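Given next are the chains, with one letter for each unit.
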Amino acid sequence: MSFKLGLRSKLLLLSTLLFSIPWLGYKYVWEMEKYLRFGQEKTLVATARALATSLHERPNLFNNQASFLPSVEKGKDLYGYQITQAINLDGLAIDWPHFNDKSHYYGVDNQISAPVSQQALSLHFNAAVGKYGQYLYLFFNVIDDKTIYRAANSRAITKNDHLALSFIQPDGTFIKSIISNKAPGWIDAFVVSEDSPWPEPANYIQGHWLETPQGYNVELRIPLDRIGDNIAFAWHDVDQPYGDIKASVGSADPAAPNTLGTILVPSPEIERIVKGLSYSNSAIWVVDKHHRVLASSGNIKEAPGVWGNNRIAEKDSAWQRFVKTWLHPLYYKVLTKPSGDFIDQLYDAQNLHGEHVDSALSGNAQSQWRLTNDNKAVILSAAYPIYLDNKVNGAVVVEETTNGIRTVRNQALEKLFTAMLLIMLVGMFVFFIFASRISARIRSLNKQAKNAIDEHGKIKHQITPSKASDEIGDLSREFSELVQNLSQYNHYLENMSARLSHELKTPIAVVKTSLDNLAIQPLPEDSKTYMVRAQEGVKRLDKIFNNMSEATRLEKLLQRSDKQNFILNDVIASCGQAYKQIYPDITFNTQLSDQPIVLNGSADHIAQLLDKIITNAVEFSEDKQIDITLNVNKQHFELLIANKGPLLPEEMQSRIFDSMVSMRKSRDETTPHLGLGLYIAKLIADFHQCKIEAINDNEKQQVVMKLFN
């Protein structure tokens, strides 16, 4: 079974090609995003280069000790990371964000004096260093099996558990301080000087000592303006009052200036320079050659780049609310919204690592793309080296997300999809109207063509020519002209028999009269034979012309006949009795329903219809039997007249009722057959609004003429 598509369906199917337009637009926007990313990468590298240029050959911006070390030793060379919230000196680590990640462990490998075994070492700790405001903060989480405080009346500050904290001030003065408490609470800080036998209070060192189940926490702060580039601390463990030091664990030996380690804190000068670029929607770091952060600005979650603030504000209209409520959820089945709540743990607050950072510190600027840890965002990084005396002394790292570009891309695609959706809907509607208009015109032309000619080829109606100037209009006018010409030709054929009958009637009458007059004259015997043949020929001609004019007369007669109700059963019964007398050699088997069927028309013409059918049945009957059956179902009837004989060819079953169609073989040359009998029967059936069919009964090898309403 083939699938049929109408003109409208085909045009609607063709209109689906409009969907290729948003796809092309989608691909175009994606290509534009690639160019925007390329531009963002170049811009980011330029930003890093500009900042690095402002830091070239400026040694005063870098720490004289920490930044110029050939290498750093973790735990000894300290880094004070930037603390983002105020610190409450209470001995609790809750103010220190990510303390476990930022702190360094000091144990058996960090002993200062005569080392003891790991089993004998009863003290170890975690220490963190941070910067907030104008202070340097230190936090110690000490694990000690025995906490020994300074005795209440003791002037000695080293015969108990204590912290030695030494540093060099910016003016070069070496300061050695001791934190030695008599009890938990506010710390007791002292400065030990070789010039004085007694320790002096160091009030600028402030903090809190808090006991814990495992030992104690000490949290303290020192003003940044008192600390230079070098610092060291060490915890001395005493296990009994007034006892000797059992072990010392720390970052470096705080006893002398030359044994101290270094400290690096974010540079205020560099931070002021970096802050000027903090409005570029970028996250910026400045690192030294040891990957340690000297300054930072911005938050990567708030660094969408130059396109971050380019979303166009739209008026809050009913259309915009409709688009946001109904269309945007559909669009974002394909699109993805840039996430601002992503997790990026590539860097910590102290050190920056990565291929691009390593490349910049080796003297080559580099950029790279990377995904965040949760794969929610793409980050672009650019690193550029900082030179000092023609040597790389640090690097500038600038980062942005692609959220700005993705937002601009989504906005462009939203507008594109909305515009394309409207174009497609309008286009499909226009296509549908256009196709419907064309389809309606073609259907109208098809209907006119069907109604113009009936099933017998007779012209019933003319086709109204279209005034349109397109191809369908041309076709309509051609059809109209064709039907008009065919109507004229059919009219000529329909009147030909009447004209022939009229034109030849007088000559035939003259010939017939002449032959009759000649017949009463004495003729030789051999001439009488020709006379008889001539008279028979004239009779056949007269009969032919009578048959030819019969159909024409009947059509005109039916047009003028008045219809009356009559009982079809009675007409069939009466005709059946007459046929038995007319055809004594034929057996008529008549079965009529007892239910009368009322027909509106002419009983005489129904009898004429029966005559034509019975005549055919008698001539073709092989067993001399004809069955006449009338079946009635309410107001519907079915009259069947069957005779056993040669079956109709399949292609003739529908044409047998056409004019001038005959299935007879020339067996009786004395009787002319023009194929008008069943044609007349068809005219009478149509007049009574009935149908007539010829059916082959293959099982009984008979032909059935069926009249029904």
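Note that the coordinates shown come from a computational prediction; the quantities given were computed from them, not determined experimentally.

How each quantity is defined
- Residues numbered from 1 in each chain as written.
- Predicted model: local features only at pLDDT ≥ 70, side-chain atom pairs only at ≥ 80, totals over all residues.
- Heavy atoms only, no water.
- Helix = DSSP H or I, 4+ residues; strand = E, 2+ residues; numbered from the N terminus.
- Buried < 20%, exposed > 50% of the residue type's maximum accessible area, 1.4 Å probe, protein only.
- Contact = heavy atoms within 4.5 Å.
- Areas by Shrake-Rupley, 256 points an atom, 1.4 Å probe, with all protein chains shown as cover.
- Core = buried A, V, L, I, M, F, W, Y, C linked by side-chain atoms within 4.5 Å.
- Domains from an automatic or database assignment.
- Pairing = 2+ DSSP bridges.
- Axes fitted to C-alpha atoms, helices over the stretch in contact; angles between N-to-C directions.
- Phe/Tyr/Trp six-rings, centres within 6.5 Å; stacked < 30°, edge-to-face > 60°.
- Lys NZ or Arg CZ within 6 Å of the ring centre and 35° of its normal.
- 1 Å grid on protein atoms, 1.4 Å probe; cavity = no way out; pocket = protein on both sides within 12 Å on 5 of 7 lines; lining within 4 Å.
- Points joined across faces, edges and corners; volume = space filled by probe spheres on them.
- Nonpolar A, V, L, I, M, F, W, Y, C, P; charged D, E, K, R; others polar.
- Salt bridge = Lys/Arg side-chain N within 4 Å of Asp/Glu carboxyl O.
- Patch = residues over 30% accessible without salt bridge, like charges linked within 9 Å, V, L, I, M, F, W, Y side chains within 5 Å.
- Parallel < 35°, antiparallel > 145°, perpendicular 65-115°, else oblique.
- Left-handed = near helix turned anticlockwise from the far one by under 90°.
- UniProt positions renumbered as here; feature names shortened; annotations may be inferred.

This brings us to the overall build of the protein chain. Summing up its helical and strand segments, the protein chain has 12 helices and 27 strands in all. Scored against the burial criterion, the 709 residues of the protein chain give a buried share of 44%. Pairs at least 24 apart in sequence give 67% of the contacts found in the protein chain among residues at least 6 apart. In the form shown here, the protein chain has an accessible surface area of approximately 39200 Å², with 53% of it arising from carbon and sulfur atoms.

What follows is about the nonpolar core. By size, the foremost hydrophobic cluster in this structure holds 46 residues, and its most contacted members are Leu55, Trp96, Ile270, Val274, Val286, Ile386 and Val396. Taken domain by domain, this core gets at least three of its residues from each of domain 1 (8–60 + 271–310 + 321–411) and domain 2 (65–266). In this view, valine 396 contacts Ala48, Leu51, Ala52, Leu55, Ile284, Trp285, Val286, Ala382, Ala383, Tyr384 and Ile386; residues no more than four positions away in its chain are not counted. By size, the runner-up hydrophobic cluster in this structure holds 45 residues, among which are Phe588, Leu609, Ile613 and Leu639.

Judged by pairing direction, the sheet is antiparallel, and its five strands sit side by side in the order E17-E16-E20-E19-E18 without closing on themselves. Edge strands, defined here as strands with exactly one partner in the open sheet, are strand E17 (293–297) and strand E18 (366–371). Along the sheet, successive strands turn relative to each other by an average axial angle of 20 degrees, direction set aside. Bridging between strand E19 (residues 378–388) and strand E20 (residues 391–401) involves 10 bridges; their strand directions are antiparallel. Bridge pairing in E20 links alanine 382 to valine 398. Contacting strand E16 (283–288) and E17, helix H4 (residues 268–275) crosses the sheet at an angle of about 30 degrees to E17.

Read across the open sheet, the five strands follow the order E22-E24-E25-E27-E26; overall the sheet is mixed. Each end of this open sheet is capped by a strand with a single partner; those strands are strand E22 (587–592) and strand E26 (691–697). Between one strand axis and the next, the sheet turns through 15 degrees on average, direction left out of account. Pairing geometry for strand E24 (residues 625–633) and strand E25 (residues 636–644), over eight bridges, is antiparallel. Each residue of the ladder has a partner; that of leucine 630, found in E25, is leucine 639. Sheet contacts for helix H10 (residues 568–582): E22, E24 and E25; angle to E22, the most-contacted strand, approximately 165 degrees.

Here we take up the packing of aromatic side chains. With the rule as written, the count across this model stands at 15 aromatic pairs. Aromatic pair phenylalanine 140 and tryptophan 235: ring centres 5.9 Å apart, planes at 80 degrees, arrangement edge-to-face. Separated by 95 residues along the polypeptide, phenylalanine 140 in strand E5 (residues 135–144) and tryptophan 235 in strand E13 (residues 230–238) bring together distant segments of the chain. For tryptophan 235, a relative accessible area of 0% corresponds to the buried category. In this structure an aromatic cluster arises from ring pairing among Tyr106, Phe125, Phe140, Tyr149, Trp209, Tyr216, Phe233 and Trp235. A cation sits over an aromatic face here: arginine 155 above tryptophan 198, 3.6 Å from the ring centre. Directly above the ring of tyrosine 204 sits arginine 226, whose terminal nitrogen or CZ lies 3.8 Å from the centroid.

Attention now goes to empty space enclosed by the protein. Scanning the entire structure with this criterion turns up one cavity of 30 Å³ or more. Here the largest cavity is characterised by a volume of approximately 40 Å³. Around the largest cavity, the lining residues are Ile572, Cys575, Gly576, Tyr579, Leu610, Ile614, Ile628 and Ile641. Contributing elements (two or more residues each) for the lining of the largest cavity: H10 and helix H11 (603–620). For the lining of the largest cavity, the element with the highest residue contribution is H10, accounting for four residues. Residues that form the lining of the largest cavity fall into these classes: seven nonpolar, one polar and no charged.

Throughout the structure, instances matching the rule amount to 12 salt bridges. Measuring nitrogen to oxygen at the nearest pair gives 3.5 Å for the salt bridge that ties arginine 150 to aspartate 188. On the criterion of sequence distance, the pair formed by arginine 150 in the loop between E5 and strand E6 (162–168) and aspartate 188 in the loop between strand E8 (185–186) and strand E9 (189–192) is long-range, its members being 38 residues apart. Note that arginine 477 is salt-bridged to aspartate 474, the shortest N-O span being 2.4 Å. In this pair, arginine 477 and aspartate 474 both sit in helix H8 (residues 471–519), three residues apart, roughly one turn of the helix.

Turning our attention to a nonpolar patch on the surface. Together, Val426, Phe429, Val430, Phe432 and Ile433 line one region of the surface with nonpolar side chains, adding up to about 460 Å² of accessible area. With respect to the helices and strands, valine 426 occurs in helix H7 (residues 403–452). With relative accessibility at 51%, the residue valine 426 sits in the exposed group.

What follows covers the pairing of E5. Counted residue by residue, E5 has seven buried out of 10 residues, so it is predominantly covered. Sheet topology places strand E4 (residues 123–132) next to E5; 10 bridges connect them, and they run antiparallel. What sits directly across from alanine 127, in E5, is phenylalanine 140. Where E4 folds back onto E5 in an antiparallel hairpin, the turn is made up of two residues, including glycine 133, whose phi is positive at roughly 65 degrees. Bridging between E5 and strand E12 (residues 215–223) involves nine bridges; their strand directions are antiparallel. Within the sheet, the bridge partner assigned to tyrosine 137 lies in E12 and is arginine 221.

Attention now goes to the packing of H10 against H11. Contact geometry of H10 with H11 gives a least axis separation of 10 Å together with a crossing angle of 45 degrees. When the axes of H10 and H11 are compared, the pair comes out oblique. You can see that H10 and H11 cross each other, and the crossing is right-handed. Between H10 and H11, the contacting residues are Leu568, Val571, Ile572, Cys575 and Tyr579 on the first element and Ala603, Ile606, Ala607, Leu610, Asp611 and Ile614 on the second. Along the lines of polarity and charge, the residues of the contact of H10 with H11 split into 10 nonpolar, no polar and one charged.

Moving on: the UniProt feature "transmembrane region" (unreviewed entry) in the protein chain. UniProt records the feature "transmembrane region" (unreviewed entry) at residues 416–435, using the numbering of this structure. Helix makes up 100% of residues 416–435 and strand 0%, with an end-to-end C-alpha separation of 27 Å.

All right, on to the packing of H11 against helix H12 (residues 677–687) then. Between two packed helices, what matters for the description is the angle formed by their axes and the separation of those axes. In the contact formed by H11 and H12, the axes pass within 9 Å of each other and the chain directions differ by 150 degrees. As summarised for this structure, H11 and H12 are arranged roughly antiparallel, according to the angle between their axes. Once H11 is placed against H12, the crossing between them reads as left-handed. Residues His605, Ile606, Gln608, Leu609, Lys612, Ile613 and Asn616 of H11 pack against Gly677, Leu678, Ile680, Ala681, Ile684 and Ala685 of H12. For the contact of H11 with H12, a count of residues per class yields eight nonpolar, four polar and one charged.

Okay, the environment of isoleucine 270 next. Tracing the sequence through the fold places isoleucine 270 in helix H4. Taking the relative accessible area as the measure of exposure, isoleucine 270 reaches 0% and is therefore buried. In the structure, isoleucine 270 is positioned 26 residues away from serine 296 in sequence and 8.7 Å away in space, judged by C-alpha atoms.

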